[in-house]
Amino acid sequence: MAVFTPVSLDDVGQWITQFPLGKATALKGIASGIENSNFFLSTEAGEYVLTIFENLSFEQLPFYLQLMRHLAQHGVLVPAPVANDQDELCVALHGKPASIVSKLEGHSQLAPQPVHCAAVGAMLAKMHLAGRDFPLQQPNLRGLSWWRETAPQLLPVISAAEANLLREEMQFQEAFTASASYAQLQAGPVHADLFRNNVMFDGERLTGFFDFYFAGCDTWLFDVAVTVNDWCIDLDSGVLDAARTRAMLDAYHSVRPFTADEQAAWQPMLRAAALRFWLSRLYDLHKPREAEILTPHDPTHFERILRERIATPAPQLY
């Protein structure tokens, strides 16, 4: 968890005058996320979230912020970016790109039940359908190209058992993504990081998805796999919980029916989703960046999930 760029209320005071939000009245760092610096921002107009982007450039950010605005305009529950007086969604703060978005109601549901998983599945399908006519294109920046760049950096510093698993799974995923069946999978903008801490609930009512800064264009099935691998598992073993998995997949399928090609690709995609986060957690552990607050996530969590997805047949999508 991190705040890489400290910001004070005085820093924000003059900067915020370009936004239609009145004066900033309070600012508090958020101990969540490991990529950007996030703050709860109180203003005369209400409650917002200020994000300073540590890795993404001014050129990359329009995809994320315009996607959030597009989804919000199409009835998907996401934070709405606030434009400044020049209709810009991204403005420099301390020399880095920064944005303000609306703050969602509720809290993260860290012990989800089937009812929560069903709500997430239905909204995820709605999000995928709403993104079909989004005009901007950007690849998933933590997809196969990033895996190819990152794996060789990790192989010298991880254990022999980890290195063997990484080599074997990379070979498997290279073959999978080159297959004809993979080419048939439906694709478009995806969240790509829809973990429990990136969704808000008020009781059993889903109030929104947030933190779209890993979003990109990828297969919709990859997005489903990432989500299932977090929401529908026993955290200690990585084993899929049958009731939660069924609830999420059935709810998604009721909004955007799965295809036969997706069923055939389901187990390899669950493995791909596990590999992506195992790699990023290994990288954060072995190649850390300096931060004011930083606690790297445990990579062994996703190593367990990956081994479990390899060993156990995937449940039916529908």
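A. Fine view of the pairing of strand β5 (residues 96-102). Summarising burial for β5: five of the seven residues are buried, a large majority. Relative to β5, strand β4 (residues 91-93) is paired through three bridges, and the arrangement is antiparallel. Residue pairing in the sheet places valine 91 in a bridge with alanine 98 of β5. Linking two consecutive strands that pair antiparallel, namely β4 and β5, is a turn of two residues; a positive phi of about 55° is found at histidine 94 within it.

B. Expanded view of the side chain of aspartate 223. Among the structural elements, aspartate 223 can be located in helix α7 (residues 220-231). At a separation of 2.7 Å, a polar atom in the side chain of aspartate 223 contacts the main-chain amide nitrogen of alanine 192. Look past the residues within four positions of aspartate 223 in its chain and what remains in contact with it is Leu124, Met127, His128, Val190, His191 and Ala192.

C. Quick look at the packing of helix α9 (residues 260-286) against helix α10 (residues 300-311). Relative to each other, α9 and α10 sit at 160°, their axes nearing to 8 Å. Here α9 lies roughly antiparallel to α10, going by the angle between them. In this structure, the crossing between α9 and α10 has a hand that is left-handed. Residues Gln267, Leu270, Arg271, Ala274, Leu275, Phe277, Trp278 and Arg281 of α9 form the contact with α10, whose participating residues are His301, Phe302, Glu303, Ile305, Leu306, Arg309 and Ile310. Residues belonging to the contact of α9 with α10 are distributed by class as follows: nine nonpolar, two polar and four charged.

D. Representation of the sheet that holds β5 in the model. In space, the five strands of this open sheet follow the order β1-β2-β3-β5-β4, with antiparallel pairing throughout. In the strand order of this sheet, the two ends are held by β1 (24-29) and β4, each with one partner. Within this sheet the neighbouring strands show an average axis-to-axis angle of 35°, counted without direction. Pairing of β1 with strand β2 (residues 37-43) involves five bridges; the strand directions are antiparallel. Within β2, the position partnered with alanine 24 by the bridge is threonine 43.

E. Broad picture of the layout of surface pockets. When its volume is computed, the second largest pocket comes out at roughly 220 Å³. Lining of the second largest pocket is provided by 16 residues; of these, Asn140, Gly143, Leu144, Tyr182 and Asp218 occupy positions nearest its centre. The set of elements that each furnish at least two residues to the lining of the second largest pocket consists of α4 (144-154), α5 (160-177), β9 (216-219) and α9. For the lining of the second largest pocket, the per-class residue count stands at nine nonpolar, six polar and one charged.

F. Focus on empty space enclosed by the protein. For the structure on display, the rule yields two cavities of 30 Å³ or more. Considered as a void within the structure, the second largest cavity measures approximately 30 Å³ in volume. Surrounding the second largest cavity, Leu67, Leu71, Met127, Gly131, Pro189, Val190, His191 and Phe212 form its lining. Elements with a minimum of two residues in the lining of the second largest cavity: α2 (61-73) and β6 (187-190).

G. Examining the pattern of salt bridges more closely. In total, this model carries 12 salt bridges according to the counting rule given. For arginine 69, the salt bridge identified is with aspartate 87, shortest N-O distance 3.7 Å. You can see arginine 69 sitting in helix α2 and its partner aspartate 87 sitting in the loop between α2 and β4, a full 18 residues away along the chain. Arginine 69 gets classed as partly exposed once you look at its relative accessible area, which sits at 22%. Between arginine 148 and glutamate 174 there is a salt bridge, with the nearest N and O atoms lying 2.7 Å from each other. Here glutamate 174 lies in helix α5 and arginine 148 lies in helix α4, a separation of 26 residues in the sequence. With relative accessibility at 26%, the residue glutamate 174 sits in the partly exposed group. Salt bridges here are not isolated pairs; linked through shared partners, they connect Glu105, Asp202 and Arg205.

What counts and how
- Every chain is numbered on its own, with residues counted from 1 as its sequence reads.
- Confidence filtering applies because this is a predicted model: local features only for residues at pLDDT of at least 70, side-chain atom pairs given and counted only at 80 or more, and all residues used for totals across whole chains, interfaces and linings.
- Excluding hydrogens and water, the side-chain figures rest on all heavy atoms present in the structure.
- Categorising residues by exposure relies on relative accessible area from a 1.4 Å probe, with only protein chains included: less than 20% of the type maximum marks a residue as buried, more than 50% marks it as exposed, and the intermediate range marks it as partly exposed.
- The way it works is that DSSP assigns letters per residue, a run of H or I at least four long becomes a helix, a run of E at least two long becomes a strand, and they are numbered from the N terminus.
- When DSSP finds two or more bridges between a pair of strands, those strands are recorded as paired.
- Counted as a polar contact is a pair of N or O atoms within 3.5 Å, where, for protein atoms, one must be capable of donating a hydrogen and the other of accepting one, and residues adjacent in sequence contribute only when both atoms are in side chains.
- Contacts are assigned to residue pairs that have any heavy atoms within 4.5 Å of one another.
- For helices, the axis comes from a line fit to the C-alpha atoms of the stretch in contact; other axes are also lines fit to C-alpha atoms, and the angle between any two N-to-C directions lies between 0 and 180 degrees.
- What sets the label is the angle itself: under 35 degrees gives roughly parallel, over 145 gives roughly antiparallel, 65 to 115 gives roughly perpendicular, and the rest give oblique.
- In this scheme the crossing of two helices becomes right-handed for a clockwise turn of the near helix relative to the far one and left-handed for an anticlockwise turn of less than a right angle.
- Note that Gly is not counted as nonpolar here; it falls among the polar residues with everything else outside the nonpolar set of Ala, Val, Leu, Ile, Met, Phe, Trp, Tyr, Cys and Pro and the charged set of Asp, Glu, Lys and Arg.
- The way it works is a 1 Å grid over only the protein atoms, where trapped points that fit a 1.4 Å probe form a cavity and open points with protein on both sides within 12 Å along at least five of seven lines form a pocket, and then any residue with an atom within 4 Å of a point lines it.
- Grid points are joined across faces, edges and corners, and a volume is the space filled by probe spheres set on the points.
- Salt bridge, as used here: a side-chain nitrogen of Lys or Arg that lies within 4 Å of a carboxyl oxygen of Asp or Glu.

So yeah, pure geometry; function would need other evidence.
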